[in-house]
Amino acid sequence: RGGRGRGGGGGGKRMVVVGKEKQWLKSNKGEKRLAKPKQKRRKGWSYEEVEMLKEGVQRFGTGCWREILKQYDFQDRSNVDLKDKWRNLLAKGDVDVKIIAGKKRKRLEVEQEDEDESE
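Starting from 1, residues in each chain are numbered consecutively following that chain's sequence as written. Per-residue local features are limited, in this predicted model, to residues with pLDDT of at least 70; the limit for side-chain atom pairs, both in listing and counting, is 80 or more; totals at the level of whole chains, interfaces and linings are taken over all residues. As a rule here, side-chain values come from all non-hydrogen atoms in the structure, and water together with hydrogens is ignored.

(A) Up close: the environment of N79. Numbering of helices and strands runs from the N terminus; a helix is a DSSP stretch of H or I covering at least four residues, while a strand is a stretch of E covering at least two. When you line up the elements, N79 lands in helix α3 (residues 79–92). Distance in space between the C-alpha atoms of N79 and R66 is 5.2 Å, their sequence separation being 13 residues. Leave out the neighbours within four places in its chain, and N79 touches W65, R66 and L69. Pairs of residues are marked as contacts when any of their non-hydrogen atoms sit within 4.5 Å.

Put into structure tokens, the structure is as follows:
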């Protein structure tokens, strides 16, 4: 395969991001390339974040994740994080929804469960 796989010898440099600063490091093959950024650490969802997500979906509908992210104070969350959490809430049955047809996006009315009824 032309010797371009992972590993191997060489003595070039490669760039690594340290904080907000980029640094060049030696690579195995003598070529300069940017290092892959490290994955962010997974963070659990608080009760308040889940409630904000439910309220945002009720207000803006599904698919408007960037708008929900702008309007609510989610700390260190991306629009993709919101979408994935919503999908997981639906899959687990943690959210009861009524689908209300909209023009482009489906708007969902989230039914809040009363704590007294669940006991």
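(B) Structural view of the pattern of salt bridges. Any carboxyl oxygen of Asp or Glu that lies within 4 Å of a side-chain nitrogen of Lys or Arg is treated as forming a salt bridge with it. All chains considered together, the criterion is met by five salt bridges. For E67, the salt bridge goes to K70, with nearest N and O atoms at 3.8 Å. Pair noted here: E67 and K70 are both in helix α2 (residues 65–71), with a separation of three residues, about one helical turn. The class of K70 is exposed, set by a relative accessible area of 61%. Two residues, R87 and D84, come together in a salt bridge whose shortest N-O distance is 3.4 Å. Taken together, the residues R87 and D84, both in helix α3 and three residues apart, mark about one turn of the helix. Only protein chains enter the accessibility calculation, which uses a 1.4 Å probe; a residue is then buried when its area is under 20% of its type maximum, exposed when over 50%, and partly exposed in between. For D84, a relative accessible area of 23% translates into the label partly exposed.

(C) Representation of the packing of helix α1 (residues 47–60) against α3. Between α1 and α3, the least distance of the axes is 11 Å, while the angle of their chain directions is 90 degrees. One way to sum up the angle between α1 and α3 is to call them roughly perpendicular. Here V50, L53, K54 and V57 of α1 lie close against α3, whose contacting residues are L82, K85, W86 and L89. The residue inventory of the contact of α1 with α3, partitioned by class, reads six nonpolar, no polar and two charged. Convention adopted: a line fitted to C-alpha atoms gives each axis, helices being fitted over their contacting stretch, and angles between N-to-C directions are expressed from 0 to 180 degrees. Angles below 35 degrees are treated as roughly parallel, those above 145 as roughly antiparallel, those between 65 and 115 as roughly perpendicular, and all remaining angles as oblique. Residues are sorted three ways: Asp, Glu, Lys and Arg are charged, Ala, Val, Leu, Ile, Met, Phe, Trp, Tyr, Cys and Pro are nonpolar, and all the rest, Gly among them, are polar.

(D) Spotlight on the packing of aromatic side chains. Paired rings are identified among Phe, Tyr and Trp, the last through its six-membered ring, by centres lying within 6.5 Å, and are further divided according to the angle between planes into stacked (under 30 degrees), edge-to-face (over 60) and tilted (the rest). This model, assessed by the stated rule, comprises one aromatic pair. Ring geometry for W45 and F74: centres 6.2 Å apart, planes at 65 degrees, overall edge-to-face. Highlighted residues: W45 in the loop between β3 (33–34) and α1 and F74 in the loop between α2 and α3, separated in sequence by 29 residues. The exposure class of F74 is buried, given its relative accessible area of 9%.

(E) Up close: α3. Here the expected span of a helix is defined as 1.5 Å times the quantity of residues minus one. Counted at 1.5 Å a residue, the expected span for α3 with its 14 residues is 20 Å, and the 20 Å between its end C-alpha atoms agrees. Taken together, the buried positions of α3 are D81, L82, K85, W86 and L89. Buried residues of α3, seen end-on, are gathered within an arc of 130 degrees and therefore sit on one face of the element. Two residues or fewer past α3, G93 is found with a positive phi of approximately 80 degrees. Starting at the helix axis, one direction is taken to each C-beta atom, and the arc is that of these directions.

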